[in-house]
Amino acid sequence: MDVDAEKNAPPPAFHSAETAPVVEDQLRRSLSPRQVQMIAIGGTIGTGLFLGTGKALATGGPASLLLCYAIVGGIVFVTMLCLGEMAAFVPVAGSFCTFSARYVDDAWGFALTWNYWFNDAVSTAADLVALQLVFRYWTDSFPWYALGLIIWFLIVLANIINVRAYGEVEYWLCLLKVVTIVIFIILSIAINAGGNTSQEYIGARNWYLPGAPFVGGIGGFASVFVTASFAFGGTESIAITAGETKDPARQLPRVVKNVFWRILFFYTLSSLMIGLNVPYDYPGLNSKETRTSPFTIAFQLAGSKVAGSFVNAVILTSVVSAGNHALFAGSRLLYTLSVNGHAPKVFGRLTRFQVPWVSVLFTSFISGLLFGASFIGAGQLWTWLQNLVGVSNQLSWISIGIASLRFRAGLKAQGKEHLLPFRNWTYPAGPIVAVVLNSFIVLIQGWSCFSPKFSAVDFVSYYIELPLFGLMFVAWKLIKRTKFKRASEMDLVTDVYTKDDIEPEEGGWGGRVKRIGGWLCF
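Residues numbered from 1 in each chain as written. Predicted model: local features only at pLDDT ≥ 70, side-chain atom pairs only at ≥ 80, totals over all residues. Heavy atoms only, no water.

**Overview of the pattern of salt bridges**
Here is the rule: Salt bridge criterion: a side-chain nitrogen from Lys or Arg within 4 Å of a carboxyl oxygen from Asp or Glu. Runs of H or I in DSSP of at least four residues are treated as helices and runs of E of at least two as strands, each being numbered from the N terminus. Summary of the burial criterion: residues with accessible area below 20% of their type's maximum are buried, those above 50% are exposed, and those between are partly exposed, where the area comes from a 1.4 Å probe applied to protein chains only.
Per the stated rule, a full pass over the model turns up four salt bridges. Across the pair D105 and K477 runs a salt bridge, and its minimum N-O distance is 2.6 Å. Here K477 lies in helix 17 (residues 465–480) and D105 lies in the loop between helix 5 (95–103) and helix 6 (106–135), a separation of 372 residues in the sequence. Owing to a relative accessible area of 3%, D105 belongs among the buried residues under this scheme.

Next comes the structure, spelled out in structure tokens:
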């Protein structure tokens, strides 16, 4: 296997300015529009929806579940518009991490990229742990480590062969998830109307149970934010595929706009139906050893144990899909760290298919070590890992908002706003509100670890990311003596795609059919 990155790097993509330097744009652009659309869905619809909603319902109640998921969904919507604007202009694998380094401060980019790389390594481990929780629906006798190791090996293989193999595996797994969720929503409406085992109309009965609809008061409500952030986490990582997407200046804005509305539809409706049909005190929603998915419960309420097993099997595939996506994103960020001089050069080595194989292996190794801690109790470990990932996602969203504000300031100062292939229509109010609201949520969501009594372990899982991020930022800034990027001095040339770089679309009915097919992910 040839692993010389320089020898195997493809020629730079055509840019309107022939002298524009190319630094990170060295990965092979093999992901098609249909794959990119599905990868975005795959990064968000996973354990956070299938298992996280159960935990959120048990700890916060049906009203907290619906409100918190809707609020976080709104934040992510604005964040994706900010990110889409920047990623269409500079479509590189480092995405928002690269943008933070270029438009805010190199030290901020350093801290954010390492933070998000660890986020993806932890997410992969969390998905491997979730496999155990879901599999216990059928049996407790299967060794806890066996299934995780098998899936771990398979997703490493899918990520190291070539990016097209990764994209195709992800596409079909995601398509199965989307079909299942649509069936779930339709079935949930029927269950609520009386198509259940007791043949009774449910309506909003579960919202009036003792303690509902806001279970645990302000602490329960606040704690659901981190669960929702874990669930929506991965939406922003679609921009990481920018470095391997065909015609990125055209496709990424479409992906950003189209995919989010589907995800918002899935999450909002799913959260509403789960809160209506499943009581918050249903056994197994939130225990130390197990988790029962509310999606599985819904199919059981419909009176079909076989259907319950089927949807549980689908949830297993969704966990594999989410882990596959997290490993992909994490390995690309480690590659970016290497290219930018923030990590050893060995992580920048590529195969002859332009896959960063050393980064894939190292990221998967760290995930495997975290997965090995499952002996303390899979349910408890999954909760702690979920908290870590949720806070990390929020720090990333805050950074995207800050980078967006600085990016626009740089474009204005250098007179380049007219070159944007895609504009964020919420600027400047959108990113400002998203940054402020996100910062507030990060501080209050750990309320439950202080009341009714202080929990040191929960406190660490909610807040350890904050001092670690600050420490990395300060350390790199002092060591490298980095400076805050002035608007007039920002790099708005390297790896840039402008309106002139958008490939011409096929006209006539053929072009329209292709565009519709791309929106539907076919």
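Structure's up, so let's keep going.
**Some details on helix 6**
Quick note on the threshold: Under the convention used throughout, the expected extent of a helix is 1.5 Å for every residue step, that is, one less than its residue count. Think of a polar contact as two N or O atoms within 3.5 Å of one another; within protein, one of them needs to be a possible hydrogen donor and the other a possible acceptor, and neighboring residues in sequence only count if both atoms come from side chains.
If you check helix 6, its first and last C-alpha atoms are 44 Å apart, about what 30 residues at 1.5 Å a residue would give, namely 44 Å. The element helix 6 is extensively covered by neighbouring structure, given that 26 of its 30 residues are classed as buried. For helix 6, the side-chain oxygen to backbone nitrogen distance between the N-cap and A107 is 2.8 Å, and the N-cap itself is D105.

**Focus: a nonpolar patch on the surface**
Stated formally: Residues form patches when they are more than 30% accessible in relative terms and have no salt bridge. Like charges link within 9 Å. Nonpolar side chains (Val, Leu, Ile, Met, Phe, Trp, Tyr) link within 5 Å. The Shrake-Rupley method, run with a 1.4 Å probe sphere, supplies the accessible areas, and residue values consider only the shown protein chains as cover.
A surface patch of nonpolar side chains, amounting to about 510 Å² of accessible area, comprises L67, I71, F214, V433, L437 and F440. Counting only elements with at least two residues in the nonpolar patch, the list comes to helix 4 (52–89) and helix 15 (429–444). By residue number, the principal contributor to the nonpolar patch is helix 15, which donates three residues. One can find V433 in helix 15.

**A word on unusual backbone geometry**
The amide bond that connects A212 to the next residue, P213, takes the cis arrangement and shows omega of 5°. As for its placement among the helices and strands, P213 is situated in the loop between helix 8 (163–192) and helix 9 (217–232). A positive phi angle, close to 50°, is found at R481, a residue other than glycine. Along the chain, the position of R481 falls in the loop between helix 17 and helix 18 (508–519).

**Observations concerning the nonpolar core**
To keep it simple, the criterion reads: Nine residue types can take part in a nonpolar core, namely buried Ala, Val, Leu, Ile, Met, Phe, Trp, Tyr and Cys, and a core is a set of them joined through side-chain atoms within 4.5 Å. The contact criterion used is simple: two residues touch if any of their non-hydrogen atoms lie within 4.5 Å.
With 121 residues, the main nonpolar core has Y69, F99, F232 and F295 as its most contacted residues. For Y69, the contacting residues outside a window of four places in its chain are G48, G52, T53, A56, S64, V224, T227, A228, A231, F232, Y267 and S271. The next biggest cluster of nonpolar side chains, apart from the first, holds five residues, and it includes V226, V391, C449 and Y462.

**Considerations on the environment of G390**
Along the chain, G390 turns up in helix 14 (residues 378–413). On the accessibility criterion, G390 (0% relative accessible area) is buried. Residues G390 and S461, 71 residues apart in the sequence, show an inter-C-alpha distance of 9.8 Å. What G390 contacts, discounting residues up to four positions off in sequence, is V226, S229 and F230.

**Quick word on the side chain of T482**
Structurally, T482 can be placed in the loop between helix 17 and helix 18. Those residues in contact with T482 that sit more than four places away from it in its chain are D105, D106, A107, W476 and K477.

**Quick word on the confidence of the model for the chain**
Put simply, the rule is: The score called pLDDT rates the predictor's confidence residue by residue, from a low of 0 to a high of 100.
In the predicted model, the chain carries a mean pLDDT of 81, and the fraction of residues at 70 or more is 82%. Note that residues 1–20 has pLDDT below 50 and, in this model, 37 contacts with residues that lie over four places away or in other chains.

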